[in-house]
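# Working through the structure, step by step
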Amino acid sequence: DVFRVQGGSEHYWAFHALGKMATTGLDLGAPEPGTLAGPDVAYGESGKVKDRAKQAFALLEQVRRANPSGPWSCEWRLGDDLDTRLRFTMVAPDSVEALLAKGHSPSAGSPYEFDVVLAARSGKAPLASTFVSVIEIYKGGQRVLDTIETVPGGLRVTVGDRTDTILYERTP
């Protein structure tokens, strides 16, 4: 997945799934009070958020942060009989903050909780970001991808005896 965004001074990439989640490559801090919208904004208090583009942040709580120094991954066990797993590995950009939070179903009929992962960058406007991740799904604990490595101008993914090189421009 290659997601490019340009403009403004803050960029966010988000991903979520249902199931038990584990991380690799992140040294996460303790859960913060409040929500992603701020320590004084309780869950659901979207009206307190002045920036309309960030009002959904009031629906994400138990925020934990990390500043990874290289690629990092989140993996969900999807809870079925086949031991299906969904994993993404964020390989770019550098200088990203990883944010993990809990979200809740919008339905009152069948409530559930899920993990949300965000990659965030901020800087001087107009900021340009390219978020690059590899998403894989597999069963039975045996990953499909053997290696994921960054190379100049892209990344290299190895599956068994096959190697794919994916090229992309780092700047939008």
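Residue positions are given per chain, counting from 1 as you read along its sequence in written order. At least 70 in pLDDT is required for a residue's local features to be given in this predicted model, at least 80 for side-chain atom pairs to be given and counted, and no such filter applies to totals for whole chains, interfaces and linings, which use all residues. With hydrogens and water stripped out, all remaining heavy atoms of the structure feed into the side-chain values.

Okay, the overall build of the protein chain next. In this description a helix means any DSSP run of H or I spanning at least four residues, a strand means any run of E spanning at least two, and both kinds are numbered starting from the N terminus. Within the protein chain one finds zero helices and 12 strands. Tracing the protein chain from N to C terminus, the helices and strands come up as β-β-β-β-β-β-β-β-β-β-β-β. We take the radius of gyration over the C-alpha atoms and set the globule estimate at 2.2 Å times the residue count to the 0.38 power. Its C-alpha radius of gyration of 17 Å places the protein chain within 12% of the 16 Å reference for a compact globule of 172 residues. With the principal axes as the frame, the protein chain shows a C-alpha extent of 55 × 45 × 25 Å. To sort residues, take the accessible area from a 1.4 Å probe on protein chains only and compare it with the maximum for the residue type: under 20% means buried, over 50% means exposed, and anything in between is partly exposed. Put simply, the protein chain has 172 residues, and 38% of those count as buried. Note on contacts: a residue pair is in contact if any heavy atoms of the two residues lie within 4.5 Å. Restricting the contact set of the protein chain to residue pairs at least 6 apart, pairs at least 24 apart contribute 65%.

On to unusual backbone geometry, then. Leaving glycine out, the prevailing phi sign among residues is negative, and the prevailing peptide bond configuration is trans. Cis peptide bonds are those with omega within 30 degrees of zero, and the linkage from Ala125 to Pro126 qualifies with 0 degrees. Looking at where Pro126 falls in the secondary structure, it is placed in the loop between β8 (113-122) and β9 (128-139). The backbone of Gln62 shows a phi angle near 55 degrees, a positive value even though the residue is not glycine. Note on placement: Gln62 falls in strand β4 (residues 61-66).

Further remarks concern the pattern of salt bridges. Oppositely charged side chains can pair when the atoms bearing their charge come close. Counted as salt bridges are all cases of a side-chain nitrogen of Lys or Arg within 4 Å of a carboxyl oxygen of Asp or Glu. On inspection of all chains with the given rule, the structure shows 12 salt bridges. Across the salt bridge formed by Lys54 and Glu10, the nearest N and O atoms sit 2.5 Å from each other. Remark: Glu10 occurs in strand β2 (residues 10-17) and Lys54 occurs in the loop between β3 (20-24) and β4; sequence separation between them is 44 residues. Looking at Lys54, the relative accessible area reads 22%, which means it is partly exposed. Overall, Glu10 belongs to the partly exposed group, its relative accessible area being 35%.

Moving on to the packing of aromatic side chains. Note on aromatic pairs: the rings of Phe, Tyr and Trp (six-membered ring only in Trp) are paired at centre separations within 6.5 Å, and the planes decide the class, stacked below 30 degrees, edge-to-face beyond 60, tilted for the rest. According to the stated counting rule, one finds nine aromatic pairs in the structure shown. Measuring from ring centre to ring centre gives 5.6 Å for Trp72 and Phe88, while their planes differ by 75 degrees; the resulting arrangement is edge-to-face. One end of the pair, Trp72, is in strand β5 (residues 72-77); the other, Phe88, is in strand β6 (residues 84-92), and 16 residues separate them in sequence. Comparing Trp72 with Phe88, the two get one shared label, buried. Measuring from ring centre to ring centre gives 6.3 Å for Trp76 and Phe88, while their planes differ by 35 degrees; the resulting arrangement is tilted. With a gap of 12 residues between them, Trp76 in strand β5 and Phe88 in strand β6 connect regions that are remote in the sequence. Accessibility assignment for this pair places Trp76 and Phe88 in one class, buried. Among the aromatic residues, those joined into a cluster by ring pairs are Trp13, Phe15, Trp72, Trp76 and Phe88.

Quick look at the confidence of the model for the protein chain now. Residue-level confidence of the predictor is what pLDDT reports, using numbers from 0 through 100. Summing up the model confidence of the protein chain, the mean pLDDT is 91 and the portion of residues at 70 or higher is 97%. Confidence, read as mean pLDDT per element, is least for strand β10 (residues 147-151) in the protein chain (90) and greatest for β4 (97).

Only buried residues count toward a nonpolar core, which is a set of Ala, Val, Leu, Ile, Met, Phe, Trp, Tyr and Cys residues joined through side-chain atoms within 4.5 Å. Among the nonpolar cores identified, the biggest contains 19 residues, and Trp72, Trp76, Phe88 and Val117 are the most heavily contacted of them. Broken down by secondary-structure element, the contributors of at least two residues to this core are β2, β5, β6, β7 (97-104) and β8. Setting aside its immediate chain neighbours within four residues, Phe88 contacts Trp13, Phe15, Trp72, Ser73, Cys74, Trp76, Val117, Ser133, Val134 and Ile135.

With that settled, consider the sheet that holds β6. At least two bridges found by DSSP between two strands are what make those strands a pair. Taken in spatial order, the five strands make up an open sheet running β1-β9-β6-β5-β3, and their pairing is antiparallel. Bordering the open sheet on either side are β1 (2-6) and β3, each of which pairs with just one other strand. Across this sheet, the average inter-strand angle for adjacent strands is 20 degrees, counted without regard to direction. Across five bridges, the pairing between β1 and β9 is antiparallel. Of the residues in β9, the one forming a bridge with Val2 is Val132. In this analysis an axis means a line fitted to C-alpha atoms, helices contributing only their contacting stretch, and an angle means the value between N-to-C directions, from 0 to 180 degrees.

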